[in-house]
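Now for the letters of each chain:
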Amino acid sequence: MNLSTVILAAGKGKRMYSETPKVLHPLAGKTLLEHVVNSSYAVNPHHQPIVVYGHEGEKVKKTLAHLNVAWVEQSQQLGTGHALLQALTHIPDDHNVLVLYGDVPLISAETLKSFIDTTPKNSIGILTATFPDPSGLGRIIRNKEGQITQIIEDKDSTDAQRRIQEINSGIYILPANLLKKWLPQLQNQNAQKEYYLTDIIAMAVSENIAIHSSQPGAYEEVLGINDRVQLAKLERQYQLRQAEKLLRQGVTLHDPARFDLRGELSVGSDVIIDINVIIEGKVQIGNHCLIGPNCVLRNVIIGDHVEIKANSVIDGAEIAEGCSVGPFARLRPGTVLSPRSHIGNFVEIKNSEIGTGTKVNHLTYLGDSDVGKNVNVGAGTITCNYDGINKHRTTIGDDAFIGSNSQLVAPVTIGAGATIGAGSTITRDAPAHQLTLSRGQQRSIENWQRPKKKES
Ligand code: UD1
Ligand code: CA
């Protein structure tokens, strides 16, 4: 069938009590609206979905500028029927319209595909589900023969209707020509004074248009987000589902309930992930790796046999095979660790390449530096890479030894095999294979007395 997709996303989301429009709130690190847009691409790859935006519209468009969608404005939020009406001029008469709601984020491509395939041509399709607690949602009213006759909103329903557990998901397939006839006829005489899209069902029934209903693969797929309680619950359900998928792929998660994936993760075999690990952006982990507790990994590539120890925060780094990082390490964007390098506790590295077998084990800051192979960087070493205006690079040659508590004032080069004496402030290049140090000579004062307390 010729299909156009419309995503309704203009509402404010009053019940979120937020300055951010509801559809921009994140679920698993991605806005609600982006989840829906991605599902629509999956079922209709060559079609640009139409997004109806309104409340804080510029913010929505700006945040999601990277998406290939057509934006249609609904300047006043007068209801879901009014919202869909705004998009109709962009849709040819012979199309069917797949309607998705921007606040029903987890609808899967599989469910949508089977919904589209099973809905007969020229009829109306509604995706419904049976909820243990349907409160707040539109209820599906069926006649004795089981045919759908109406959708009634919670606020407009009788006590008997409220007991119905079959709900409207807000996802429909609707012939465009019928919408063009029906939507302008909608009335807003209801509890919310809104033009309800759901009222077209009764119109269809009165015109003998067939109504077909389908159900989703899992009921979480049609859970809507209206407040932060629902958002938090759906986040946990979604995370648990992702964790179970990883477990089935052979990843060990010490506690699937304490694992958060807010992006894409690819993992090799025999990887162990301890509790409270957060994965963001695109993360790749090789074989036989160990990720300790409380680590945050964002846009990281990790080779085989790597150990990331507890409480490390790693962002935009590449870590080659056999490295060990942490505990309490922070690797910032542009960090590249060559094989078998060791980064220890309270070490921060930014925009730096660390050579094979190099050790930076304690209390160190390396920024904008190129460090060679088998270098030993002593505790408390700092590259002074910033002069208050510009950043400068530090180069350290292979096999160099940087004594503890040294400051390397960039731009500066430490030659291969050089040794820097502990406690030095190095402001000029240090030659290869020599000892360079800059500190006052040690003295002892023989008859020195400690100060005494004054008598009062
Ligand atoms: C809606 C349905 C209800 C269904 C539920 C499923 C109607 C009248 N009710 O109720 O039957 O069970 O979803 O989650 O459709 N929107 C606009 N413009 C508007 C109003 C809303 O674009 O003027 C958008 C919202 O941004 C949201 C979606 O439409 O993404 C649904 O709106 P919402 O107000 O949340 O409707 P519900 O009360 O949840
Ligand atoms: Ca809703």
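Residues numbered from 1 in each chain as written. Chains lettered and ligands numbered in written order. Predicted model: local features only at pLDDT ≥ 70, side-chain atom pairs only at ≥ 80, totals over all residues. Heavy atoms only, no water.

**A look at the site of ligand 1**
For step 1, the next point in the chain: Contacts to ligand 1 come from 24 residues, most closely from Gln74, Gly79, Tyr101, Glu153 and Asn168.
For step 2, the next point in the chain: The contact in question runs from an oxygen atom of ligand 1 to an N or O atom on the side chain of Tyr101, over 2.8 Å.
For step 3, the next point in the chain: Measuring from an oxygen atom of ligand 1, one finds a backbone N or O atom of Asn168 at 2.6 Å.
For step 4, the next point in the chain: In the complex, the protein chains occlude 93% of the 750 Å² of accessible area that ligand 1 would expose alone.
For step 5, the next point in the chain: Where the shell around ligand 1 is concerned, the elements lending two or more residues are β1 (3–9), α3 (80–87) and β10 (166–175).
For step 6, the next point in the chain: A breakdown of the residues in the shell around ligand 1 according to their chemical character gives 9 nonpolar, 11 polar and 4 charged. (Near = heavy atom within 4 Å. Polar contact = N/O pair within 3.5 Å; in protein donor to acceptor, adjacent residues only side chain to side chain. Areas by Shrake-Rupley, 256 points an atom, 1.4 Å probe, with all protein chains shown as cover. Helix = DSSP H or I, 4+ residues; strand = E, 2+ residues; numbered from the N terminus. Nonpolar A, V, L, I, M, F, W, Y, C, P; charged D, E, K, R; others polar.)

**Things to note about the pairing of strand β8 (residues 139–142)**
For step 1, the next point in the chain: With 4 bridges connecting them, β8 and strand β9 (residues 148–152) associate as antiparallel partners. Counterpart to Arg139 in the pairing with β9 is Ile152.
For step 2, the next point in the chain: Here β8 folds back onto β9 in antiparallel fashion, the turn holding 5 residues, of which Gly146 has a positive phi close to 85°. (Pairing = 2+ DSSP bridges.)

**Re unusual backbone geometry**
For step 1, the next point in the chain: Cis peptide bonds are those with omega within 30 degrees of zero, and the linkage from Gly326 to Pro327 qualifies with 0°.
For step 2, the next point in the chain: Mapped onto the elements, Pro327 comes out in the loop between β21 (324–325) and β22 (329–331).
For step 3, the next point in the chain: A positive phi angle is found at Phe328, which is not glycine, with a value near 60°.
For step 4, the next point in the chain: Tracing the sequence through the fold places Phe328 in the loop between β21 and β22.
For step 5, the next point in the chain: Even without being glycine, Asn405 reaches a positive phi, approximately 55°.
For step 6, the next point in the chain: Mapped onto the elements of the fold, Asn405 is located in the loop between β31 (401–402) and β32 (407–409).
For step 7, the next point in the chain: On the basis of relative accessibility, which here comes to 46%, the residue Asn405 falls in the partly exposed class. (Buried < 20%, exposed > 50% of the residue type's maximum accessible area, 1.4 Å probe, protein only.)

**Points about the nonpolar core**
For step 1, the next point in the chain: By size, the foremost hydrophobic cluster in this structure holds 72 residues, and its most contacted members are Leu84, Leu98, Leu197 and Ile200.
For step 2, the next point in the chain: For this core, the two domains that each supply at least three residues are domain 1 (3–222) and domain 2 (228–436).
For step 3, the next point in the chain: Ignoring anything within four residues of it in the chain, the contact list for Leu197 reads Leu8, Thr80, Gly81, Leu84, Val99, Tyr101, Tyr172, Leu174, Leu183 and Leu186.
For step 4, the next point in the chain: Core analysis: the second largest hydrophobic core is formed by 48 residues, Leu331, Ile402, Leu408 and Ala430 among them. (Core = buried A, V, L, I, M, F, W, Y, C linked by side-chain atoms within 4.5 Å. Domains from an automatic or database assignment. Contact = heavy atoms within 4.5 Å.)

**Points about the pattern of salt bridges**
For step 1, the next point in the chain: Per the stated rule, a full pass over the model turns up 16 salt bridges.
For step 2, the next point in the chain: For Asp255, the salt bridge is made with Arg258, and the minimal N-O distance between the two is 2.7 Å.
For step 3, the next point in the chain: Among the residues examined, Arg258 registers a relative accessible area of 37% and is labelled partly exposed.
For step 4, the next point in the chain: Across the pair Lys350 and Asp368 runs a salt bridge whose closest N-O atoms are separated by 3.1 Å. Of this pair, Lys350 sits in strand β24 (residues 342–350) while Asp368 is found in the loop between β26 (359–367) and β27 (369–371), placing the two residues 18 residues apart along the sequence. (Salt bridge = Lys/Arg side-chain N within 4 Å of Asp/Glu carboxyl O.)

**Some details on the coordination of the calcium ion (ligand 2)**
For step 1, the next point in the chain: Distances from the calcium ion (ligand 2) to its protein donors, Asp103 (OD) and Asn226 (OD1), fall at 2.2 to 2.5 Å. Of the two residues, Asp103 sits in the loop between β6 (96–101) and α4 (109–118) while Asn226 sits in the loop between β11 (211–214) and α8 (228–249), which places them 123 residues apart along the sequence. As far as burial versus exposure is concerned, Asp103 and Asn226 are alike and both buried. (Donors = N, O, S within 2.8 Å, 3.2 Å for Na, K, Ca; no water.)

**Structural notes on a nonpolar patch on the surface**
For step 1, the next point in the chain: There is a patch of nonpolar side chains on the surface, built from Phe328, Phe346 and Leu363 and spanning about 320 Å² of accessible area.
For step 2, the next point in the chain: When you line up the elements, Leu363 lands in strand β26. (Patch = residues over 30% accessible without salt bridge, like charges linked within 9 Å, V, L, I, M, F, W, Y side chains within 5 Å.)

**Comments concerning the packing of helix α1 (residues 32–43) against α4**
For step 1, the next point in the chain: Axis separation between α1 and α4 bottoms out at 9 Å; the angle between their running directions is 50°. The pairing of α1 with α4 is recorded here as oblique in orientation. For the pair α1 and α4, the crossing hand works out as right-handed. Across the interface between the two elements, Ser39, Ala42 and Val43 from α1 touch Ala109, Leu112, Lys113 and Ile116 from α4.
For step 2, the next point in the chain: In terms of residue class, the contact of α1 with α4 is made up of 5 nonpolar, 1 polar and 1 charged. (Axes fitted to C-alpha atoms, helices over the stretch in contact; angles between N-to-C directions. Parallel < 35°, antiparallel > 145°, perpendicular 65-115°, else oblique. Left-handed = near helix turned anticlockwise from the far one by under 90°.)

**Observations concerning the domain arrangement of the protein**
It is common to give the size of an interface as the accessible area that goes away when the parts come together.
For step 1, the next point in the chain: Split by domain assignment, the protein resolves into domain 1 (3–222) and domain 2 (228–436).
For step 2, the next point in the chain: The straight-line distance from the C-alpha centre of domain 1 to that of domain 2 is 46 Å.
For step 3, the next point in the chain: Counting from both sides, the interface comprises 14 residues of domain 1 and, opposite them, 11 residues of domain 2.
For step 4, the next point in the chain: Buried area between domain 1 and domain 2, both sides added, is near 1,100 Å², and the carbon and sulfur share of it is 62%.
For step 5, the next point in the chain: Of all residues in domain 1, Ala28, Leu106 and Glu220 bury the most surface against domain 2, accounting for 44% of the area lost on that side.
For step 6, the next point in the chain: Inspection of the domain 1/domain 2 interface yields 0 salt bridges. (Buried area = accessible area lost by both parts, 1.4 Å probe.)

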